[in-house]
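The lines below spell out each chain.
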Amino acid sequence: MPGSIQHNASVPGAVPNPGSAAKAGPLAGIVAAVAVTAYAAAFLLSESQGLILALLVGGAVAAGLAVRVGAHRAVARSLAAHGRLGDGLAVGMVLALMVIFHDDHYALFLVATILLYVVAVLGLNVQLGFTGLINFSCASFFGIGGYTAAMLGGHTGVPPLVILACGGVTAAVVGSILLLPVLRTSGHYSALVTMAFALLFKVFMEVNDAFGGPQGVDVAPMRLFGWDFSSDVEIGSYTGSFYLPYVLLALALAVGAFVLVRRIERSWIGLSLDAVRVDEVAGACFGIDIRRWKITAFTAGNFLAGVSGALYAMMLAYISPANFTFADSLIFLSILLLGGIGSSWGVVLATAVVVVVPEKFQVIQEYRFIIYSSLVLLMILFRPMGLLPRKVRAYRRQA
Amino acid sequence: MNQERILDCTGLSMHFGGLAALSDLDLFVNRGEVLGLVGPNGSGKTTFFNVVSGIYRPTTGRVVFQGEDITGLSPQRIYHSGIVRTFQRSRLCLELTVFDNVMIGNHKRLDLGFWNNLVRRGRFLAQYEEGVERAGKLLAALNPALVARMFDPVGDLPMIDRRRIEICRALVGRPSLLFLDEPSAGMTHDETRQLMDEILNMGSYSEGLSIVLIEHEMNVIRRVTDRCVVLNFGRKLFEGSYDEVAADPVVQEAYLGKEVEEVE
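About the thresholds
- Residues numbered from 1 in each chain as written.
- Chains lettered and ligands numbered in written order.
- Predicted model: local features only at pLDDT ≥ 70, side-chain atom pairs only at ≥ 80, totals over all residues.
- Heavy atoms only, no water.
- Helix = DSSP H or I, 4+ residues; strand = E, 2+ residues; numbered from the N terminus.
- Rg over C-alpha atoms; globule rule 2.2 N^0.38 Å.
- Buried < 20%, exposed > 50% of the residue type's maximum accessible area, 1.4 Å probe, protein only.
- Contact = heavy atoms within 4.5 Å.
- Lys, Arg positive; Asp, Glu negative; His and termini not counted.
- Charge placed at Lys NZ, Arg CZ, Asp CG, Glu CD.
- Core = buried A, V, L, I, M, F, W, Y, C linked by side-chain atoms within 4.5 Å.
- Buried area = accessible area lost by both parts, 1.4 Å probe.
- Salt bridge = Lys/Arg side-chain N within 4 Å of Asp/Glu carboxyl O.
- Polar contact = N/O pair within 3.5 Å; in protein donor to acceptor, adjacent residues only side chain to side chain.
- Nonpolar A, V, L, I, M, F, W, Y, C, P; charged D, E, K, R; others polar.
- Pairing = 2+ DSSP bridges.
- Domains from an automatic or database assignment.
- Axes fitted to C-alpha atoms, helices over the stretch in contact; angles between N-to-C directions.
- Parallel < 35°, antiparallel > 145°, perpendicular 65-115°, else oblique.
- Left-handed = near helix turned anticlockwise from the far one by under 90°.
- Disulfide = S-S within 2.5 Å.

1. Comments concerning the overall build of chain A
Here is step 1 of the chain: Along chain A, the regular secondary structure elements total 15 helices and six strands.
Here is step 2 of the chain: The C-alpha atoms of chain A give a radius of gyration of 22 Å, which matches the 21 Å a tight globule of 399 residues would have.
Here is step 3 of the chain: For chain A, the spread of C-alpha atoms along the three principal axes comes to 75 × 55 × 45 Å.
Here is step 4 of the chain: Each of the 399 residues in chain A was classed as buried or not, and the buried ones make up 49%.
Here is step 5 of the chain: Contacts in chain A between residues far apart in sequence, at least 24 positions, make up 77% of those at least 6 positions apart.
Here is step 6 of the chain: Put simply, chain A has 23 plus and 18 minus side-chain charges, and the middle of one group is 17 Å from the middle of the other.

Now the structure itself:
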């Protein structure tokens, strides 16, 4: 226990608990979660562009006001004081949205997309956020997972749940081709290697008829315990969208990936990855095996992208090379920049914003790349740590 | 003189293209001594550290540490054999906490397996508590106030505390040989004096610790070193006690320049 150092007479006071705060009640956190859920539901329900614009402005103003009066600190304290509360509330929010939109295909599709993007960007977070390996081909690895699902689902009898894992493994294995150039280069050069791969991947998929060529390929839907995910859910007289099980499975993947990435961060592995990012030479002088950790991070990140890509493809039922372009990789990267490099909660928030806003606010759809790039520039200028900056590492969950 | 040589370098040269940063250097360190490494800027002091700690592979020569040939091994292998160093421009991870930085130095004792880190969290947390205790003891010995700031980012701390953390990071793995590259850089005289006293007290933390110290502050060299080696243009210029070094005309010339003999 940290307190045991007190035996040493020369130490005044106890070692503080990392990130400790005066014990705050859970109320602030719960209220915030309910408010955010209501806001998200209102946003997803709105159809008219004027209403959506009003909601966007209103949301920004409300967030600004909350920061002004210090409400965000109360919420942060409340969540920090109750270790699992934040996790539970986040899961609860998704479940609440599932109930509210049980027969709305489109809204559920968006929720599932957010959850799957979260998994992929969490992988990118391990690569870029922790280890400092820049990867401009995240969408390609997402796509490799998708194509693995298409090939295995169409031509073999591999159970779909195993196909998800295969998608991850294939992405990780294909990624290992890139390992040699990525390990031999650093900084901008490593970025160029992954950029080249992203462009190559799309062309490769377009010219290979075995993978459906530019027209793309059908993907068999998810099946779990004999239950076909492509038909609507009927429980008694209750009918739900066929997207409901996808949302549920995507939620399970997202929770799994989140727990994994957070455990990586809160361990000696995360410490080693950080040391590689901050200073390779100093790290090497303290025995840190730079290559080992770069390989670990790159492989783990690509695995997460591949798994989520496989389920995404099953949900779309049809994929083509146009789904996994270099521009999509840039979107994954901009999500990470927007949320806060290295910040797992930031990834969740930023993914929701980046996926939903252009879908609902159709007016900006055509300009979304201009908007993303200006948003990234503004973030770098005014809030380089992102919407929810990464906190210093606390290895132990607080009470 | 039956002192044991912990480090023995023979014929060490390091060439960068046409530039000889070290040429044919013979240098040894006895167990338990503090060796001062002095010389003008660019005389090869830091290069010597870089060669022995594995950042550079020497062009020629041999480095023997505790009876083992460690010439050209990777920095990782050399760290594991028991040599650690600090850097001239403190290379701490400023955004990481004090604890994280110290634990980087403790890397050889950390269990890096996936299973124990990610799945068996109880086992990991037990190791974590052990680390907190170890880091706390070490920090308390240097500056008790640092213990309370163990989970603050290093970037929030003043220079002298950063130096202390660097010392902790180096010592936490209980090395046999410590290279200190200008620990006084960026600090006042008083701070330097204080820090050096603290470092010497820390010798007891690591049994039989030998130290090689690069330092421009001659007061520090005089006070703490048992023996000095003077480098100039990558060669050994002189070797002896501080008093001998200070009195030597060749050394004075290297530092202050030749006296002008013919004045018009």
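Additional details are given in the paragraphs that follow.
2. Brief notes about the overall build of chain B
Here is step 1 of the chain: Helix and strand counts for chain B come out as ten helices and ten strands.
Here is step 2 of the chain: Relative to the globule expectation of 18 Å for 264 residues, the C-alpha radius of gyration of chain B, 20 Å, shows essentially globular dimensions.
Here is step 3 of the chain: Taking the contacts inside chain B whose residues are at least 6 apart along the sequence as the reference set, 68% of them involve residues at least 24 apart.

3. Here we look at the nonpolar core
Here is step 1 of the chain: In terms of nonpolar packing, the biggest core is built from 167 residues, with Trp268 of chain A together with Phe99 of chain B touching the most fellow members.
Here is step 2 of the chain: Ignoring any residue separated from it by four or fewer positions in sequence, one finds Trp268 of chain A in contact with Tyr395 of chain A together with Phe99, Met103, Leu110, Asp111, Leu112, Asn117, Phe124, Gln127 and Tyr128 of chain B.
Here is step 3 of the chain: Judged by nonpolar contacts, the second largest core, of 26 residues, contains Cys9, Leu22, Val63 and Phe65 of chain B.

4. Description of the interface of chain A and chain B
Here is step 1 of the chain: Of the residues lining the interface, 41 residues belong to chain A; the matching set on chain B comes to 46 residues.
Here is step 2 of the chain: Roughly 3,900 Å² of surface becomes buried between chain A and chain B when both sides are summed, with 69% attributable to carbon and sulfur atoms.
Here is step 3 of the chain: Along the contact surface separating chain A from chain B lie four salt bridges.
Here is step 4 of the chain: Two residues, Glu129 of chain B and Arg396 of chain A, come together in a salt bridge whose shortest N-O distance is 2.6 Å.
Here is step 5 of the chain: Inspection of the region where chain A meets chain B yields 15 residue pairs in polar contact (both at pLDDT 80 or more).
Here is step 6 of the chain: Breaking the side of chain A that touches chain B down by element, the ones donating at least two residues are α9 (243-265), α10 (268-278), α11 (280-285) and α12 (290-316) of chain A.
Here is step 7 of the chain: The element best represented in the side of chain A that touches chain B is α10 of chain A, accounting for eight residues.
Here is step 8 of the chain: Partitioning the side of chain A that touches chain B into residue classes produces 25 nonpolar, seven polar and nine charged.

5. A look at the side chain of Ser137 of chain A
Here is step 1 of the chain: Within the element layout of this structure, Ser137 of chain A appears in the loop between α5 (105-130) and α6 (138-155).
Here is step 2 of the chain: Ser137 of chain A has contacts with Leu178, Thr194, Phe197, Ala198 and Ser329 of chain A, leaving out every residue within four places of it along the chain.

6. Remarks on helix α1 (residues 45-52) of chain B
Counting along an α-helix, one turn takes 3.6 residues, and residues three or four places apart therefore face a common direction.
Here is step 1 of the chain: Where burial is concerned, most of α1 of chain B is hidden: seven out of the eight residues are buried.
Here is step 2 of the chain: Directly after α1 of chain B, the chain includes Gly54 of chain B, whose backbone phi takes a positive value near 95°.

7. A closer look at the pattern of salt bridges
All names here are of chain B.
Here is step 1 of the chain: Taken as a whole and assessed by the stated rule, the structure comprises 25 salt bridges over all chains.
Here is step 2 of the chain: Of the charged contacts in the structure, one is a salt bridge between Lys137 and Glu133, with a shortest N-O distance of 3.8 Å. Here Lys137 and its partner Glu133 are both found in helix α5 (residues 121-142), four residues apart, which amounts to about one turn of the helix.
Here is step 3 of the chain: Classification of Lys137 as partly exposed rests on a relative accessible area of 46%.

8. So, the pairing of strand β7 (residues 177-181) of chain B
Residues and elements named next belong to chain B.
Here is step 1 of the chain: When you tally the buried positions in β7, you get five out of five residues, the bulk of the element.
Here is step 2 of the chain: Burial of β7 is two-sided: the residues Leu177, Phe179 and Asp181 facing one way and the residues Leu178 and Leu180 facing the other way are all buried.
Here is step 3 of the chain: Here strand β6 (residues 83-85) pairs with β7 via three bridges, running parallel. Directly across from Arg85, in β7, lies its bridge partner Phe179.
Here is step 4 of the chain: Here β7 runs beside strand β8 (residues 210-214); their pairing, made up of five bridges, is parallel. Across the sheet, Leu177 pairs through a bridge with Ser210, a residue of β8.

9. Some thoughts on the domain arrangement of chain B
All names here are of chain B.
Here is step 1 of the chain: Under the domain assignment used here, chain B contains domain 1 (1-82 + 175-264) and domain 2 (94-168).
Here is step 2 of the chain: Just the C-alpha atoms count here: the centres of domain 1 and domain 2 sit 28 Å apart.
Here is step 3 of the chain: Tallying the contact residues gives 16 residues for domain 1 and 14 residues for domain 2.
Here is step 4 of the chain: Taking both sides of the interface into account, the surface hidden between domain 1 and domain 2 amounts to around 1,300 Å²; carbon and sulfur atoms contribute 66%.
Here is step 5 of the chain: Here domain 1 is connected to domain 2 by one salt bridge.
Here is step 6 of the chain: The salt bridge involving Arg164 is made with Glu198; its shortest N-O contact spans 2.9 Å.
Here is step 7 of the chain: Applying the counting criterion to the domain 1 and domain 2 interface returns six residue pairs in polar contact (both at pLDDT 80 or more).
Here is step 8 of the chain: Mapped onto the side of domain 1 that touches domain 2, the elements with two or more residues apiece are α2 (75-81) and α7 (189-202).
Here is step 9 of the chain: Top contributing element to the side of domain 1 that touches domain 2 by residue count: α7, with six residues.
Here is step 10 of the chain: Classifying every residue of the side of domain 1 that touches domain 2 by side-chain character gives nine nonpolar, four polar and three charged.

10. Comments concerning the packing of α5 of chain A against helix α14 (residues 344-360) of chain A
All names here are of chain A.
Here is step 1 of the chain: Running from N to C, α5 and α14 cross one another at 140°; their axes reach a closest spacing of 9 Å. Compared by their axis directions, α5 and α14 come out oblique. In this structure, α5 crosses over α14, and the sense of that crossing is right-handed. Of α14, the residues touching α5 (which contributes Tyr106, Leu110, Thr113, Ile114, Tyr117, Val118, Val121, Leu122 and Asn125) are Ser344, Val347, Val348, Thr351, Ala352, Val355, Val356, Glu359 and Lys360.

11. Section: the state of the cysteines
Defined simply, a disulfide is a covalent bond joining two cysteines at their sulfur atoms.
Residues and elements named next belong to chain A.
Here is step 1 of the chain: Evaluation of the coordinates by the stated rule reveals zero disulfides over all chains.
Here is step 2 of the chain: Just so you know, Cys166 is unpaired, no disulfide at all, and the nearest cysteine sulfur is the one on Cys138, 20 Å from it.
Here is step 3 of the chain: Its relative accessible area of 24% is what places Cys166 among the partly exposed residues.

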